[in-house]
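# Structural characterization, general
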Amino acid sequence: MTTIDTITIALIQSDIAWEERDRNFARYKNLLRQVPAGVDVALLPETFCRGFSASTEKITNEEADIVQSWMRQQAAYHGFALCGTATVRERQAVYNRFYFVSPDGAVHHYDKRHLFGFGGESQQFTAGNERVVIPYLGWNFFPIVCYDVRFPVWTRNRWERENGYEYDVLLLCSNWPSARANILDSLIPARAIENQCYVAAVNRIGDDGAGIHYNGLSQIVNFKGDIVSKTTEDVEEIIVATCSKSALTQFRAKYFFGPDQDRFIITD
């Protein structure tokens, strides 16, 4: 696959129609048409198909195929990788699944590890147990979902003498309520600084079916914790930022913290 020094990432901040998959497909199909030329990776919010609903009994075994098919069509048509999460069922288990779909139709997925017990997610969903690193265009991407960002052990960018850091960009799709927006604003740059990586974090806006309000504030942050691009609060908006691999590599070489990492193993 082609290796490029700079990648351009788009965050698509929007409302989500509550439990109306086809309506959301139509909404995001229209928004994807508005993504500027030259974008390499585009992110949709967490559970962009239906919203953060605990009504998992409505999810059939066919949902995963339907969502993947739609994402493949959009990625192929627009020529960029498309990311977002969906509620999917595998037999009796239901997952909050992050999809990374390339224009050539290749699909990677990650199942949300940390389920939001405070919101009932842990009663309806099954937690994932595998960290996933996705290679694309010479970059390595690490996907996480909403609540995962609170847990730095899970997101730790592991360093090895032979290969260096395992990822370059942390991708975060979320439905993060406005009542705790200041916390997300603190966690995003913290994850970027401690992992010497870019963070691209998209959040939804609007009110969901449970009456919870979301104000967006999606953002792309560089490896120093500086905001490269950020959306307007409570506004449907698409923002774009370009990330530089050479700038990231130079910064990591100058501030060579990897060998000083604590070593640990996640056991459950």
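Computed from a prediction, not measured in an experiment: that's the story for all the values here. (Residues numbered from 1 in each chain as written. Predicted model: local features only at pLDDT ≥ 70, side-chain atom pairs only at ≥ 80, totals over all residues. Heavy atoms only, no water.)

## A look at the environment of V199
We apply this condition: The way it works is that DSSP assigns letters per residue, a run of H or I at least four long becomes a helix, a run of E at least two long becomes a strand, and they are numbered from the N terminus.
The residue V199 is located in strand β11 (residues 198-203) in this model. Measuring from C-alpha to C-alpha, the distance between V199 and F223 comes to 7.8 Å, with 24 residues separating the pair along the chain.

## Considering the packing of aromatic side chains
Two measures describe an aromatic ring pair: the distance that separates the ring centres and the angle between the ring planes. Quick note on the threshold: Pairing of aromatic side chains here covers Phe, Tyr and the six-membered ring of Trp, requires ring centres within 6.5 Å, and sorts the geometry by plane angle: under 30 degrees stacked, over 60 edge-to-face, intermediate tilted. The buried label goes to any residue with under 20% of its type's maximum accessible area, the exposed label to any with over 50%, and the partly exposed label to all in between, with areas taken from a 1.4 Å probe on protein chains only. Working rule: Lys NZ or Arg CZ, within 6 Å of ring centre, within 35 degrees of ring normal, means a charge sits over the ring.
Throughout the structure, instances matching the rule amount to 15 aromatic pairs. Ring geometry for F116 against Y147: centres 5.1 Å apart, planes inclined by 70°, an arrangement best described as edge-to-face. Separated by 31 residues along the polypeptide, F116 in the loop between β5 (107-111) and α3 (121-124) and Y147 in the loop between β7 (139-145) and α4 (152-155) bring together distant segments of the chain. Relative to F256, the ring of W159 has its centre 5.7 Å away and its plane inclined at 85°; by these criteria the two rings are edge-to-face. Of the two residues, W159 sits in strand β8 (residues 159-160) while F256 sits in the segment after α6 (245-254), which places them 97 residues apart along the sequence. Under the relative-accessibility criterion, W159 is labelled buried at 9%. Through a chain of ring-to-ring contacts, the aromatic side chains of W139, Y198, F223, F251, Y255 and F257 assemble into a single cluster. Its guanidinium or amino end placed over the ring of W139, K245 lies 5.4 Å from that ring's centre, counting from NZ or CZ.

## Details of the layout of surface pockets
What counts is decided by this rule: Throughout, the protein atoms alone are placed on a 1 Å grid, and a set of points is a cavity if a 1.4 Å probe fits but cannot get out or a pocket if it is open with protein on both sides within 12 Å along at least five of seven lines; lining residues have an atom within 4 Å of a point. Grid points are joined across faces, edges and corners, and a volume is the space filled by probe spheres set on the points. We call Asp, Glu, Lys and Arg charged. Ala, Val, Leu, Ile, Met, Phe, Trp, Tyr, Cys and Pro are nonpolar, and the rest, Gly among them, are polar.
By volume, the largest pocket amounts to about 330 Å³. Along the walls of the largest pocket sit 23 residues, with F52, F116, G119, R180 and I212 positioned nearest its centre. In terms of residue class, the lining of the largest pocket is made up of 13 nonpolar, 4 polar and 6 charged.

## Considerations on the pairing of β5
To be explicit about the condition: Pairing between two strands requires that DSSP report at least two bridges joining them.
Sheet topology note: the strand β4 (residues 93-101)/β5 ladder contains 5 bridges and is antiparallel. Bridged to F100 within β5 is H108.

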